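Observations on the three-dimensional arrangement
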Amino acid sequence: MQITAMPKKFARMTKTTKISLGMVAAGAAVMAGTVVSAPAASAATPARSGGNVDAWINQSLQIMREKGIPGTYEGIRKNLMRESSGNPNAINNWDSNAAKGIPSKGLLQVIDPTFKTYHVSGTSQNIYDPVANITAACNYAAHRYGSIDNVNSAY
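Residues numbered from 1 in each chain as written. Predicted model: local features only at pLDDT ≥ 70, side-chain atom pairs only at ≥ 80, totals over all residues. Heavy atoms only, no water.

Overview of the packing of aromatic side chains
Across all of its chains, the model carries two aromatic pairs by this definition. An angle of 70° between the planes, with centres 5.3 Å apart, marks the rings of Tyr-118 and Tyr-140 as edge-to-face. Of this pair, Tyr-118 sits in helix H6 (residues 112–118) while Tyr-140 sits in helix H7 (residues 130–145); the two residues are 22 residues apart in sequence, bridging distant segments of the chain. Judged by its relative accessible area of 13%, Tyr-140 is buried. (Phe/Tyr/Trp six-rings, centres within 6.5 Å; stacked < 30°, edge-to-face > 60°. Helix = DSSP H or I, 4+ residues; strand = E, 2+ residues; numbered from the N terminus. Buried < 20%, exposed > 50% of the residue type's maximum accessible area, 1.4 Å probe, protein only.)

Quick notes on the pattern of salt bridges
Opposite charge on two side chains permits pairing when their charged atoms draw close. By the definition in use, this model includes three salt bridges. The shortest N-O distance in the salt bridge between Asp-54 and Arg-77 comes to 3.4 Å. Placement of Asp-54 in helix H3 (residues 53–67) and of Arg-77 in helix H4 (residues 73–84) is noted, with a sequence separation of 23 residues between them. Classification of Asp-54 as partly exposed rests on a relative accessible area of 34%. (Salt bridge = Lys/Arg side-chain N within 4 Å of Asp/Glu carboxyl O.)

Notes on the environment of Ala-136
Inspection of the secondary structure puts Ala-136 in helix H7. Residues Ala-136 and Tyr-118, spaced 18 residues apart in sequence, show a C-alpha to C-alpha distance of 5.1 Å. If near-sequence neighbours (up to four positions away) are discounted, Ala-136 is found in contact with Phe-115, Tyr-118, His-119 and Val-120. (Contact = heavy atoms within 4.5 Å.)

Things to note about H7
For H7, which comprises 16 residues, the first-to-last C-alpha distance of 21 Å matches the rise-based estimate of 22 Å (1.5 Å per residue) to within 8%. Extensive coverage of H7 is indicated by the burial of 13 of its 16 residues. Near the N-terminus of H7, the side chain that reaches the backbone nitrogen of Val-131, with its oxygen 3.2 Å away, is that of Asp-129. (Expected span 1.5 Å × (residues − 1). Polar contact = N/O pair within 3.5 Å; in protein donor to acceptor, adjacent residues only side chain to side chain.)

Description of the nonpolar core
Counting residues in hydrophobic clusters, the biggest one holds 26 residues, and the most contacted among them are Ile-57, Ile-76, Leu-80, Ile-134 and Cys-138. Among the secondary structure elements, those contributing two or more residues to this core are H3, H4 and H7. Sorting elements by how many residues they give to this core places H7 first, with eight residues. For Ile-57, the contacting residues outside a window of four places in its chain are Tyr-73, Ile-76, Arg-77, Leu-80 and Ile-134. (Core = buried A, V, L, I, M, F, W, Y, C linked by side-chain atoms within 4.5 Å.)

Quick notes on the packing of H3 against H7
Two numbers describe how H3 lies on H7: the axes approach to 9 Å, and their chain directions differ by 50°. What the angle tells us is that H3 and H7 run oblique. Considering only the axes of H3 and H7, their crossing is right-handed. The residues of H7 that touch H3, namely those facing Trp-56, Ile-57, Gln-59, Ser-60, Ile-63 and Met-64, are Pro-130, Val-131, Ile-134, Thr-135 and Cys-138. Partitioning the contact of H3 with H7 into residue classes produces eight nonpolar, three polar and no charged. (Axes fitted to C-alpha atoms, helices over the stretch in contact; angles between N-to-C directions. Parallel < 35°, antiparallel > 145°, perpendicular 65-115°, else oblique. Left-handed = near helix turned anticlockwise from the far one by under 90°. Nonpolar A, V, L, I, M, F, W, Y, C, P; charged D, E, K, R; others polar.)

What follows is the structure in structure tokens.
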């Protein structure tokens, strides 16, 4: 397939086919060694839990309760595992956001403008900080979908 023909053909594909192609491309990139890892959180903004997905979710839930942001442990974990498999340094360098220069980052694969808009005070300004990423993504999901619990696919 020619690269120039790809956007038109890609637009006509079903969501399932696009996801499958994305997974194949991601796997090929890993096999080829071309995946670029995201920078780790700086020393000024470490993950506050010591690297535990359950602890990050629970810390986010505590902040969310204080700020009136809806969401449950199950809703967050389901989306987090689908989006990043629990890797706080995950970065998507192949989708439409990445093509625009704003790749999705972190546990819940948030783009920089969304993170900045929905950042929750009291959390780190670092998009790779697990608690800040989860909390901002849940704040966004609350505004867009009513709750992270209502998100069942890429959002």
